[in-house]
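Working through the structure, step by step
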Amino acid sequence: MVKLHAAEAKSPAVQALRLRPPRDEDEGAFTAGHRAMAAEGFVFGLGYEPGQPWRTYLKELEDHRHGRNLPVRHVPGTFLVAEVAGEIVGRTSVRFRLNEFLSEQGGHIGYCVLPEHRRRGYATEILRQSLIIARAAGVDRVLVTCDQDNPGSRAVIESCGGVLDSIVTVDGKRPVLRFWID
């Protein structure tokens, strides 16, 4: 059971958040989100290359959901944008299985909220809905990770039932916290 903070449970915006695949008409908002997150050193559009034809990218996402034409070291999964009142506020990537990298530091779910939409409860709702999607795909025990220096993400994961399993450091990079959600 995913618990929400009292303020988040009452927020109409949080209640209105929905996850959905990116659409043709999302290109402008998506690329703006991609640039905003790149400025923070985070990838918004997984596998997206600026200037790439939008329909090509959408086809790649659909293929990945079905496990077709996967790049090396990728696993089947779904990439969804988080929308509130017609505006993209974040995204999630739900992987249906783990490989070596994901087992160590990537996890089943990766999510983000765009900078101008933070601190409204969206991250918790994105993760809550992502857990439902993972479970529907047959993932019973879900691994979610975050950087050790990201207390906001840690709080979101713990509020959704995450239990700290370990801290890993790979190749001298920032330590990553690994949480399991049953």
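Everything discussed here concerns the structure shown above.
Bear in mind that the values here come from a model prediction, so they are computed numbers and not experimental data.

All right, on to the nonpolar core then. Among the nonpolar cores identified, the biggest contains 27 residues, and Leu17, Ile109, Tyr111, Leu127, Val144 and Ile157 are the most heavily contacted of them. Residue contributions to this core peak at six residues, all from helix H6 (residues 122-136). Residues within four places of Leu127 in sequence aside, it is in contact with Ile109, Tyr111, Val144, Val156, Ile157 and Cys160. Phe30, Phe44, Tyr57 and Leu114 belong to the second largest nonpolar core, which has 13 residues in total.

Counted residue by residue, strand S4 (residues 109-113) has five buried out of five residues, so it is predominantly covered. Burial along S4 is two-sided: Ile109, Tyr111 and Val113 facing one way and Gly110 and Cys112 facing the other are all buried. Where strand S3 (residues 87-95) lies against S4, five bridges are found, and the strand directions are antiparallel. Counted as the bridge partner of Ser93 is Gly110 from S4.

What follows covers the state of the cysteines. Applying the stated criterion to the full structure yields zero disulfides. Left unpaired, Cys160 is separated from the closest cysteine sulfur, that of Cys146, by 12 Å. By relative accessible area, Cys160 is classed as buried at 2%.

Another aspect to go through is the environment of Asp149. Relative to the helices and strands, Asp149 is located in the loop between strand S5 (142-147) and helix H7 (151-159). The sequence separation of Asp149 and Leu177 amounts to 28 residues, and the corresponding C-alpha distance is 9.3 Å.

Another point: the packing of aromatic side chains. All chains considered together, the criterion is met by eight aromatic pairs. With 5.2 Å between their ring centres and 65 degrees between their planes, Phe30 and Phe44 make a pair best called edge-to-face. Of this pair, Phe30 sits in helix H3 (residues 27-38) while Phe44 sits in the loop between H3 and helix H4 (54-65); the two residues are 14 residues apart in sequence, bridging distant segments of the chain. Both residues of the pair, Phe30 and Phe44, belong to the buried class. With a centroid separation of 5.2 Å and an interplanar angle of 75 degrees, the aromatic rings of Tyr48 and Tyr57 are classed as edge-to-face. Considered together, Tyr48 and Tyr57 belong to a single accessibility category, that of buried residues. Chaining the aromatic ring pairs together yields one cluster made of Phe30, Phe44, Tyr48, Trp54, Tyr57 and Phe79.

Reading the values: the criteria
- Residues numbered from 1 in each chain as written.
- Predicted model: local features only at pLDDT ≥ 70, side-chain atom pairs only at ≥ 80, totals over all residues.
- Heavy atoms only, no water.
- Core = buried A, V, L, I, M, F, W, Y, C linked by side-chain atoms within 4.5 Å.
- Buried < 20%, exposed > 50% of the residue type's maximum accessible area, 1.4 Å probe, protein only.
- Helix = DSSP H or I, 4+ residues; strand = E, 2+ residues; numbered from the N terminus.
- Contact = heavy atoms within 4.5 Å.
- Pairing = 2+ DSSP bridges.
- Disulfide = S-S within 2.5 Å.
- Phe/Tyr/Trp six-rings, centres within 6.5 Å; stacked < 30°, edge-to-face > 60°.

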